[in-house]
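Remarks on the overall topology
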Amino acid sequence: MSENNRPEGDAEVIEGIVVGVDGSDQGLCALKWAAQEAKRRGSILNIVTAYTIPVFAASSMDAGYATLDDQLIRNGAEEVVRQARATITDTDITVRTYIESGDPAGVLLDLSRQAELIVVGTRGRGGFVGRLLGSVSSALPAHAKCPTVVVPLCVAKREEGDVQVQDRIVVGVDGSDRARLAVLVAAELAATRGLTLRVVCALAPISGALAWMPATVDQEAVTADVRHQMGIGKAWLQSLFPGLEIEIDVIDGAPVEILIRESQTARLLVTGSRGRGGFAGMLLGSTSQGVLHHSKGPVMVVPDGDDPRLASRQEFEDRANGL
């Protein structure tokens, strides 16, 4: 196990998993999950904290006091990183620590350009965790260049055996290409870990969700069509991951409620960052905080991107429709 403290201004490339910490229990819970994930992947674990000088302090003090204030804050950040680093005792993990000056959300967004995964907790002391789900809550999952995992504090209790976690990864879909990209990421994770992939789609009652929808629309017909499309999707996934056990399910209910419920027993819940207003679309809507704040397990948000395997999905649909 090695450690590397990056000097300020250093242009070193960040590789592997980045976890934001701020000394809170939530941050340490995210750190524990990130360390386990780094070991599973054989990746470097980068422990990062960031700090800024309060505006009132910088504007009301002369240069001498401002310098002192900066050093005091940095000393506190160094202690946060030191304590976080001390919790990692697994010698199979390469650990690096970094202290950054700047807005926590902005720092993480910048690091996401190089990292393979960003991990944060749900709430904290006003540093990484507190800010990420505060005024800039949508910045990270919406704009990160790599997948983001948000780990709620209740995951610690799951690890203690208070909750029976099933050997499966759950991914929410809504028929969009962005959701299919999330499915591919979830399938890869499930396949490499020998877990079941559960693909779910939530369908709120049409009469309640869309008041303008003609009364002649048949809810059962819509459900049947969604199940048909998910069956095509399952065949497509099975061609890409032959040995993967795949479950598909169409569930009546609001997407956010279904996501939260599914997260209770899933090892990981995966969703896209945008969509058609279903699972993925909701994450950037008014209910995004509800999903991330109330999830009962880790939630991975997959950013937009291109994957050549998406092109083969249409072939399965054409074949199923006799084209």
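The structure under discussion appears in the preceding block.
Because the structure is predicted, anything quoted here is derived from the model rather than measured. (Residues numbered from 1 in each chain as written. Predicted model: local features only at pLDDT ≥ 70, side-chain atom pairs only at ≥ 80, totals over all residues. Heavy atoms only, no water.)

What follows deals with the sheet that holds strand 1 (residues 17–20). Taken together, the 10 strands give an open sheet; going across it, the order is 3-2-1-4-5-10-9-6-7-8, and neighbouring strands pair in mixed fashion. On the outer flanks of this sheet lie strand 3 (95–101) and strand 8 (246–252), each paired with one strand and no other. Averaged over all adjacent pairs, the angle separating strand axes in this sheet is 25°, with direction ignored. Pairing of strand 5 (residues 148–151) with strand 10 (residues 299–302) involves three bridges; the strand directions are antiparallel. When the bridges of strand 10 are listed, T148 appears paired with V301. Here helix 4 (residues 104–111) sits on the sheet in contact with strand 1, strand 2 (45–51), strand 3 and strand 4 (117–121), set at roughly 145° to strand 2. Strands strand 6 (168–172), strand 7 (196–203), strand 9 (268–272) and strand 10 of the sheet are contacted by helix 8 (residues 177–193), whose axis makes an angle of about 175° with strand 6. (Pairing = 2+ DSSP bridges. Helix = DSSP H or I, 4+ residues; strand = E, 2+ residues; numbered from the N terminus. Axes fitted to C-alpha atoms, helices over the stretch in contact; angles between N-to-C directions. Contact = heavy atoms within 4.5 Å.)

The next thing to look at is the nonpolar core. Residues L45, V119, L197 and L237 are the most contacted members of the largest nonpolar core, which totals 55 residues. Tallying contributions element by element places helix 8 first for this core, with 10 residues. Non-local contacts of L45, meaning those with residues more than four positions away in its chain, are made with I17, V19, L31, A34, A35, A38, I88, I93, T94, V95 and R96. Listed in part, the 29 residues of the second largest apolar core include V107, V256, V291 and V299. (Core = buried A, V, L, I, M, F, W, Y, C linked by side-chain atoms within 4.5 Å. Buried < 20%, exposed > 50% of the residue type's maximum accessible area, 1.4 Å probe, protein only.)

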